[in-house]
Amino acid sequence: MPLEMNAIVTAFGLRPTGSGPDAPWTGRVGGSDVTAIHIGMGPPLTRAATTRLLDPTGAGGPPVDHVMIAGICGGLDPDLPVGTLINPETLVLHATGATYRHTPPGGAPLAGTLITTEEVTLDVARSERFFEQGCIAVDMESAAVAEVCEARGCPWSVYRCIGDRHFDGLLDPRLVGLTNPDGSGDEAAIKRLIAEEPDVAAKLERLSKDTANAARLAAEAAVRGCLALDA
């Protein structure tokens with residue numbers, strides 16, 4: 001989402017390479033040249049963007065030695081509060097059941113499973129099943145990055161922070177429905193909804209603060225991971 005990209009650009013100190021919304025951002029952290037791209041939401045967009053990044057004849061430019069994905073995720077474990085950084089041991093692509101072993105740079109301990117779904121789900125029973133199966137968080141992109149990278153033989157790592165939890169009551173199905181494919185919101189429609197139901201504004205404000213903070217923490221964790229590549 002745009003807020004995740006903004007957090008990454010800030011944490012890594014990146015500069016734009018063009019004026020378009022899809023233009024890469026570049027910079028250097030430690031001994032690594034860094035390129036950041038916006039991928040949008042969901043496995044299909046993620047696969048396409050990651051493939052372009054790794055294609056030496058495409059938009060990716062120079063060869064890629066390591067792919068990182070950073071941003072927010074939904075929490076499934078009631079004992080893990082919003083703002084918790086996760087470092088999953090495994091990733092699961094829900095649509096296929098494919099699993100991927102996470103081996104990030106650095107020595108931080110790994111725990112739990114991050115599951116990647118095709119869409120945002122507010123189905124409580126489904127989320128509870130995920131947790132019963134050992135999943136501590138859910139997103140819509142990470143396992144798709146792992147899928148493409150492993151097929152290309154490229155190392156990858158994930159940096160996610162819990163930005164919301166389905167049992168906290170802040171996620172409104174109507175707000176989810178007003179989210180564009182790139183992760184931005186339909187601002188005009190959201191304003192109309194708030195005008196009609198002012199109580200939604202308080203939920204949206206809390207959710208915005210939580211997700212922005214989670215995106216910042218995830219991006220900062222990715223910077224530490226990038227520096228660990230120098231070790």
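Heads up: the structure comes first, above all this text.
Residues numbered from 1 in each chain as written. Predicted model: local features only at pLDDT ≥ 70, side-chain atom pairs only at ≥ 80, totals over all residues. Heavy atoms only, no water.

Chemist: Please explain the pattern of salt bridges as it appears in this structure.
Modeler: In a structure, side chains of opposite charge can pair up when their charged atoms sit close to one another. Evaluated as defined, the whole model comprises 11 salt bridges. We note a salt bridge from glutamate 89 to arginine 101, for which the minimum N-O separation is 2.7 Å. Of this pair, glutamate 89 sits in the loop between β5 (85-86) and β6 (90-93) while arginine 101 sits in strand β7 (residues 98-101), and the two are 12 residues apart along the sequence. By relative accessible area, arginine 101 is classed as partly exposed at 47%. When salt bridges that share partners are traced, they join Glu4, Asp139, Glu141 and Arg160 into one network. (Salt bridge = Lys/Arg side-chain N within 4 Å of Asp/Glu carboxyl O. Helix = DSSP H or I, 4+ residues; strand = E, 2+ residues; numbered from the N terminus. Buried < 20%, exposed > 50% of the residue type's maximum accessible area, 1.4 Å probe, protein only.)

Chemist: Sorry if this is basic, but what is going on with the sheet that holds strand β4 (residues 67-75) here?
Modeler: Where strands meet in a sheet, backbone hydrogen bonds hold them as pairs that are either parallel or antiparallel. Strand order in this open sheet of seven strands is β5-β10-β4-β9-β8-β6-β7, and the pairing throughout is mixed. Looking at which strands have only one partner, the edges of the open sheet turn out to be β5 and β7. Two elements, β6 and strand β8 (residues 113-116), share four bridges in a ladder whose sense is parallel. Residue valine 92 lies in a different strand from β8, and its bridge partner there is isoleucine 115. (Pairing = 2+ DSSP bridges.)

Chemist: Could you clarify how one ought to interpret the sheet that holds strand β2 (residues 25-29) in this entry?
Modeler: Here we have three strands laid out as an open sheet, ordered β1-β2-β3, and antiparallel in their pairing. Both outer strands of the open sheet, β1 (15-16) and β3 (32-36), are each paired with one neighbouring strand and no more. As judged from the two bridges shared by β1 and β2, these two strands associate in the antiparallel manner. Bridge pairing in β2 links proline 16 to tryptophan 25.

Chemist: Explain the environment of glycine 27 to me, please; I cannot follow it from the model alone.
Modeler: Looking at where glycine 27 falls in the secondary structure, it is placed in strand β2. In this structure, the C-alpha to C-alpha distance between glycine 27 and glutamate 132, residues 105 residues apart in sequence, is 41 Å. Discounting chain neighbours no more than four positions away, the residues touching glycine 27 are Leu14, Arg15, Ser32, Asp33 and Val34. (Contact = heavy atoms within 4.5 Å.)

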